[in-house]
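# Survey of secondary and tertiary structure
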Amino acid sequence: MPHCSHFTMLKRAMFLCGQLRSRVFAVEVDLRTEPLYFSLSTSPQILSHRDYPQLFGEDGKLYSLHVHCDDRIQKARAHAEIKHGLSEKLARDCDVFEASSYVPDVKNSVDKGFFIRDRSTTARSEEILKKYHQNKSICVVSYKREGQYCWQELWSPVNQVERVERHYVTPAAAPEFHPSTLNIKNSDVYYCMDEAYKVLKECTDIIPESKEVLQLVDEQVETSRGDGFPVIVIEGLDATGKTTLTEALRESLNATLLKSPPQCLAPFRQRFDSEPPLIRRAFYALGNYITAAHIGKESLRTPVIVDRYWHSTAAYAIATAVSGRVENLPRPYSELYQWPEDLLQPDLVLLLTVNPEERLRRLKDRGQEKTIEEIELEVNQLFRLKVEEAYKRIQNPACIIVDASPSPQEVLQQVQFLIRNNCHL
């Protein structure tokens with residue numbers, strides 16, 4: 001039996017070697033610039049471009065690890081666990097970069113991971129990586145250097161390193177689209193209810209609350225809406241005036257005010273906010289479908305104002321999934337910005353915007369508890385710009401941008417004018 005087990009593990013190592021040769025690797029060395037791309041070759045390649053010596057130079061030991069797994073729930077949770085573990089356990093003189101490997105132009109081929117540059121003089125990093133390596137879903141490699149050449153050494157499940165033929169690091173051209181966009185559809189952003197439902201269904205054994213959420217979906221979701229009163233969605237980052245405006249519109253239009261995610265999911269939000277994007281986004285996607293059922297019912301008797309809806313879910317998810325610059329976002333008119341065909345569409349979507357300084361001032365005045373993403377917006381201008389740009393690129397329906405910097409009364413008047421012109425109210 002031990003020999004059989006040894007042989008099986010050795011076969012798996014050889015299979016991984018073959019897989020790695022067919023992939024391109026991307027390392028986010030500097031989020032303000034393009035990732036560093038490389039592939040693998042059996043022949044030595046000189047790393048002459050200035051960025052490659054910066055990453056593969058003589059300064060420190062180099063490792064990378066990626067999660068390879070057919071079970072998408074296990075894969076997502078393993079990546080999240082590694083991310084948390086590396087930030088907690090590695091020494092301060094270790095640099096950790098977001099990394100991925102992918103098959104060019106093949107959707108859902110991205111394996112997320114990390115690239116580690118260890119400048120310490122201890123074996124601490126290697127000991128930590130050995131523990132991760134015990135998980136058969138995690139592939140760990142070391143990088144060795146000789147002059148201007150660098151190659152990967154795959155850690156085998158048998159010994160620390162399986163010494164097969166060298167796979168040399170070879171510079172690769174940047175793809176037309178950032179590789180993270182290959183995995184967004186029905187993983188970070190959901191485009192039909194069934195896909196989000198399936199994810200939570202797969203989680204019922206490990207997240208008991210999934211059953212309760214799915215039960216709420218089964219009880220509340222309806223797929224049709226007859227002709228009714230207009231539905232107006234108010235979108236925008238926190239502290240752009242959504243609450244003030246939606247309350248004012250509710251009164252002035254004698255409308256029903258709804259919020260997404262709906263109140264019935266509030267008891268579960270903290271639990272799902274702690275999960276990786278695949279699961280967290282599925283939860284919020286189902287919240288949109290419950291909200292849609294409420295809209296369909298309420299719009300038969302009054303106009304409906306909705307505080308956030310699918311635009312928010314998609315914009316935040318896309319901005320989070322795509323690392324680095326605004327230029328890395330999916331191109332305008334990409335299918336990733338298209339409204340789900342099975343989700344009730346509003347008649348009008350208004351995006352409130354204020355300048356960053358005013359928004360931060362309002363946030364400080366409120367002093368409310370913030371989500372992880374709201375905190376990220378405050379400290380990371382790049383993330384804020386990506387969220388705003390993703391909002392603006394969503395189509396069918398697209399957002400109409402409203403400057404929410406003036407007084408609440410002026411903003412209300414401006415919005416009432418847009419509603420009269422677009423919804424005949």
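Read on for a plain summary of the structure.

Relative to the elements of secondary structure, Ala99 occurs in strand β4 (residues 94–102). Ala99 sits in the buried class, given a relative accessible area of 8%. Those residues in contact with Ala99, other than ones at most four positions away along the chain, are Ala26, Val27, His66, Asp111, Lys112, Gly113, Phe114 and Phe115.

Our next topic: unusual backbone geometry. A negative phi holds for most residues other than glycine; trans holds for most peptide bonds. Along the chain, Ser260 connects to Pro261 via a cis peptide bond; the corresponding omega equals 5 degrees. When you line up the elements, Pro261 lands in the loop between β10 (256–259) and α8 (266–273). Following Asn396, the chain continues into Pro397 via a peptide bond in cis, with omega recorded as 10 degrees. Inspection of the secondary structure assignment puts Pro397 in the loop between α13 (381–393) and β13 (400–403). Although it is not a glycine, Asn108 sits at a positive phi angle of roughly 60 degrees. By the element assignment, Asn108 lies in the loop between β4 and β5 (111–118). Judged by relative accessible area, Asn108 falls into the exposed class, the value being 51%. Of note, Tyr333 is a non-glycine position whose phi angle comes to about 70 degrees, a positive value.

With parallel pairing, the 5 strands of this open sheet are ordered in space as β10-β11-β9-β12-β13. Each edge of the open sheet carries a strand with a single partner, namely β10 and β13. Across this sheet, the average inter-strand angle for adjacent strands is 25 degrees, counted without regard to direction. In the sheet, strand β12 (residues 348–353) pairs with β13 via 4 bridges, with the strands oriented parallel. Looking at the pairing, Thr353 lines up with Asp403 of β13.

Burial within strand β3 (residues 61–67) is extensive, with 6 of its 7 residues counted as buried. As judged from the 6 bridges shared by β3 and β5, these two strands associate in the antiparallel manner. For Leu65, the partnering residue across the bridge sits in β5 and is Phe114.

Rules and cut-offs
Residues numbered from 1 in each chain as written. Predicted model: local features only at pLDDT ≥ 70, side-chain atom pairs only at ≥ 80, totals over all residues. Heavy atoms only, no water. Helix = DSSP H or I, 4+ residues; strand = E, 2+ residues; numbered from the N terminus. Buried < 20%, exposed > 50% of the residue type's maximum accessible area, 1.4 Å probe, protein only. Contact = heavy atoms within 4.5 Å. Pairing = 2+ DSSP bridges. Axes fitted to C-alpha atoms, helices over the stretch in contact; angles between N-to-C directions.

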